[in-house]
Amino acid sequence: MHQKQPAPDSAHGLCIWRKSRSFVGLSVVMKLLGRLCVLMLLTCLWVAPADAQFRRAKAKPVRQEESPLSAEVTKLLAEAKSLQAQYKESEALARYELVLAKAPATYEALWRAAVLSVRIGSRYTDETRKIAYFSAARLYSSRALVVRPEGAESNYAEALALANQATLLTARARLLAYREMRPYIFKAVAVRPDYADALQLLGRWHFRVDHYNILERIFSRLFLGGTPNEASSNAAIEALTKAHKLEPQRIQFAYDLARIHIAEKQRTSAVAVLQDAIEITPVTAEELEISRRCRKLLVQLNRKMLKQVHSHLREIE
């Protein structure tokens with residue numbers, strides 16, 4: 001049915017009718033524009049050249065037997081682990097590469113080379129070098145998975161490589177990377193529940209996925225089958241708390257845990273963790289920087305809590 005127009009002799013009625021039609025038309029246009037903006041943003045996510053930046057590992061071949069360790073390889077492996085313990089990571093990586101040149105299926109050398117490649121690459125600000133190191137890490141971790149598919153270390157190394165590659169990708173490829181790393185990090189923790197490094201990465205995964213923004217959630221729902229239901233900030237806190245208890249001298253664990261407590265408005269818990277963190281003596285330049293950040297966060301939190309106390313006292317008075 002067509003809306004009945006007002007009588008010609010009613011000028012006031014005609015004015016009201018025109019205004020109402022204009023308002024309805026404007027609201028429809030605004031809704032359409034809003035939907036169009038969302039679709040354009042999703043299209044940008046979808047058509048971005050993610051495939052060129054993020055390539056899934058090729059189908060895994062049949063499991064490869066681990067290389068038998070000769071006396072020479074055993075010696076090189078021991079040297080590499082000793083250098084790594086001394087924080088001489090570039091030299092340690094070179095030793096692991098020598099091991100792999102002589103015994104390509106050495107599991108420990110593969111997963112450790114992957115982890116070291118990530119650590120070294122993350123220090124560079126040059127994106128080209130980061131890509132080179134993270135890509136090498138992915139190759140090492142994929143080979144470690146071929147040798148030992150159920151290994152906690154190989155699965156952790158794969159998840160770590162994916163997580164760091166994700167920092168250099170487009171929005172679409174980054175979401176794909178988070179989705180693909182899920183089974184690897186979950187398996188690493190399932191195989192070794194006391195694996196502190198894996199627990200830290202699991203906590204980071206939970207927090208990041210739980211805090212997808214609206215566009216990331218829409219994209220995941222439309223193209224990736226939805227966001228993982230198990231991702232939660234509580235699970236992130238649980239995983240990082242366990243990692244912190246297992247290795248209380250790892251300042252990075254304390255820092256990550258404190259930041260999540262702060263994000264969840266759990267200031268008392270954050271202060272307690274930060275107080276533990278500032279008692280840790282930093283060894284490397286990275287740890288020294290994290291210690292500085294922890295002290296800064298603690299000062300900020302104490303100021304906020306002091307202001308709240310003063311405000312509460314004024315209300316009482």
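Structure shown above.
About the criteria used
Residues numbered from 1 in each chain as written. Predicted model: local features only at pLDDT ≥ 70, side-chain atom pairs only at ≥ 80, totals over all residues. Heavy atoms only, no water. Helix = DSSP H or I, 4+ residues; strand = E, 2+ residues; numbered from the N terminus. Buried < 20%, exposed > 50% of the residue type's maximum accessible area, 1.4 Å probe, protein only. Contact = heavy atoms within 4.5 Å. Areas by Shrake-Rupley, 256 points an atom, 1.4 Å probe, with all protein chains shown as cover. Core = buried A, V, L, I, M, F, W, Y, C linked by side-chain atoms within 4.5 Å. Axes fitted to C-alpha atoms, helices over the stretch in contact; angles between N-to-C directions. Parallel < 35°, antiparallel > 145°, perpendicular 65-115°, else oblique. Left-handed = near helix turned anticlockwise from the far one by under 90°. Expected span 1.5 Å × (residues − 1). Phe/Tyr/Trp six-rings, centres within 6.5 Å; stacked < 30°, edge-to-face > 60°. Salt bridge = Lys/Arg side-chain N within 4 Å of Asp/Glu carboxyl O. Nonpolar A, V, L, I, M, F, W, Y, C, P; charged D, E, K, R; others polar. Patch = residues over 30% accessible without salt bridge, like charges linked within 9 Å, V, L, I, M, F, W, Y side chains within 5 Å. Lys, Arg positive; Asp, Glu negative; His and termini not counted. Charge placed at Lys NZ, Arg CZ, Asp CG, Glu CD.

Visitor: Before we go on, may I ask you to explain the overall build of the chain in this structure?
Guide: Secondary structure assignment for the chain yields 14 helices and zero strands. When the helices and strands of the chain are listed from N to C terminus, the series reads α-α-α-α-α-α-α-α-α-α-α-α-α-α. Across the 317 residues of the chain, 40% fall into the buried class. Long-range pairs, those at least 24 residues apart, make up 65% of the contacts in the chain between residues at least 6 apart in sequence. Roughly 18700 Å² of accessible area belongs to the chain as shown, and the carbon and sulfur atoms make up 57% of that amount.

Visitor: I'm lost on the nonpolar core in this one. Help?
Guide: Here is a general trend for soluble globular proteins: nonpolar side chains tend to be buried in one another's company. Counting residues in each nonpolar core, the largest one holds 64 residues, and the members touching the most others are Tyr96, Trp111, Tyr156, Met181, Ile185, Ala198 and Leu201. Of all elements in the fold, only helix H3 (71-85), helix H4 (89-102), helix H5 (107-123), helix H6 (127-147), helix H7 (152-166), helix H8 (171-191), helix H9 (196-210) and helix H11 (233-246) reach the threshold of two or more residues within this core. Not counting the four nearest positions on each side in its chain, Met181 is found in contact with Ala159, Leu162, Ala163, Leu201 and Trp205. Counting residues in hydrophobic clusters, the runner-up holds 21 residues, among them Ala236, Ile260, Leu274 and Ile280.

Visitor: Could you clarify how one ought to interpret the packing of H7 against H9 in this entry?
Guide: When two helices pack together, their arrangement is given by the angle between the helix axes and by the axis-to-axis distance. Axis separation between H7 and H9 bottoms out at 10 Å; the angle between their running directions is 40°. In terms of orientation, H7 lies oblique with respect to H9. Between H7 and H9 the crossing geometry is left-handed. Note on element contacts: H9 touches H7 through Asp197, Ala198 and Leu201, opposite Tyr156, Ala159, Leu160 and Ala163.

Visitor: Whenever I open this one, helix H13 (residues 267-278) confuses me. Can you help?
Guide: Here H13 spans 16 Å end to end across 12 residues, near enough to the 16 Å set by a 1.5 Å rise per residue. Every buried residue belonging to H13 is among Ala270, Val271, Val273, Leu274, Ala277 and Ile278, and all of these are buried.

Visitor: Teacher, can you tell me more about the packing of aromatic side chains here?
Guide: Given two aromatic rings, one states the distance between the centres and the angle between the planes to describe the pair. Under the definition given, this model contains four aromatic pairs. Here Tyr124 and Tyr133 contribute two aromatic rings whose centre-to-centre distance is 5.7 Å and whose plane-to-plane angle is 20°, an arrangement assigned as stacked. Looking at Tyr133, the relative accessible area reads 25%, which means it is partly exposed. A centroid spacing of 4.9 Å and a plane angle of 50° characterise the contact between Phe219 and Phe223, whose relative ring orientation is tilted.

Visitor: Looking at this structure, I do not really get the pattern of salt bridges. What am I missing?
Guide: Pairing between side chains of opposite charge can happen when the charged atoms of each approach one another. Using the criterion set out here, one finds 21 salt bridges in the structure. In this structure, Arg95 engages Glu79 in a salt bridge whose closest nitrogen and oxygen atoms are separated by 3.0 Å. On the criterion of sequence distance, the pair formed by Arg95 in helix H4 and Glu79 in helix H3 is long-range, its members being 16 residues apart. Residue classification places Glu79 among the partly exposed residues on the basis of a relative accessible area of 28%. Arg192 is the partner of Asp194 in a salt bridge, and the nearest nitrogen-oxygen pair spans 4.0 Å. Relative accessible area serves as the criterion here: at 49%, Asp194 is assigned to the partly exposed category. Classification of Arg192 as partly exposed rests on a relative accessible area of 30%. One network of salt bridges, with partners in common, ties together Glu89, Arg119, Arg123 and Glu286.

Visitor: What is the right way to look at the packing of H5 against H6 in this model?
Guide: The geometry of H5 relative to H6 is characterised by a closest axis approach of 8 Å and an angle of 160° between their N-to-C directions. In terms of orientation, H5 lies roughly antiparallel with respect to H6. In terms of crossing hand, the pair formed by H5 and H6 is left-handed. Residue-level contacts link Tyr107, Leu110, Trp111, Ala113, Ala114, Ser117, Val118, Ile120, Gly121 and Ser122 of H5 to Lys130, Tyr133, Phe134, Ala136, Ala137, Tyr140, Ser141, Arg143, Ala144 and Val147 of H6. By residue class, the composition of the contact of H5 with H6 is 14 nonpolar, four polar and two charged.

Visitor: Before we go on, may I ask you to explain a positive patch on the surface in this structure?
Guide: Residues Lys265, Arg303, Lys304 and Lys307 make up a contiguous surface patch of positive charge. Relative to the assigned elements, Lys307 resides in helix H14 (residues 285-316). The exposure class assigned to Lys307 is exposed, which follows from its relative accessible area of 62%.

Visitor: Looking at this model, I keep getting lost on the environment of Ala109. Mind explaining?
Guide: Mapped onto the elements of the fold, Ala109 is located in helix H5. Expressed as a C-alpha distance, the spacing of Ala109 and Glu97, which sit 12 residues apart in the sequence, is 7.6 Å. Not counting chain neighbours up to four residues away, the residues in contact with Ala109 comprise Leu77, Tyr96, Val99 and Leu100.

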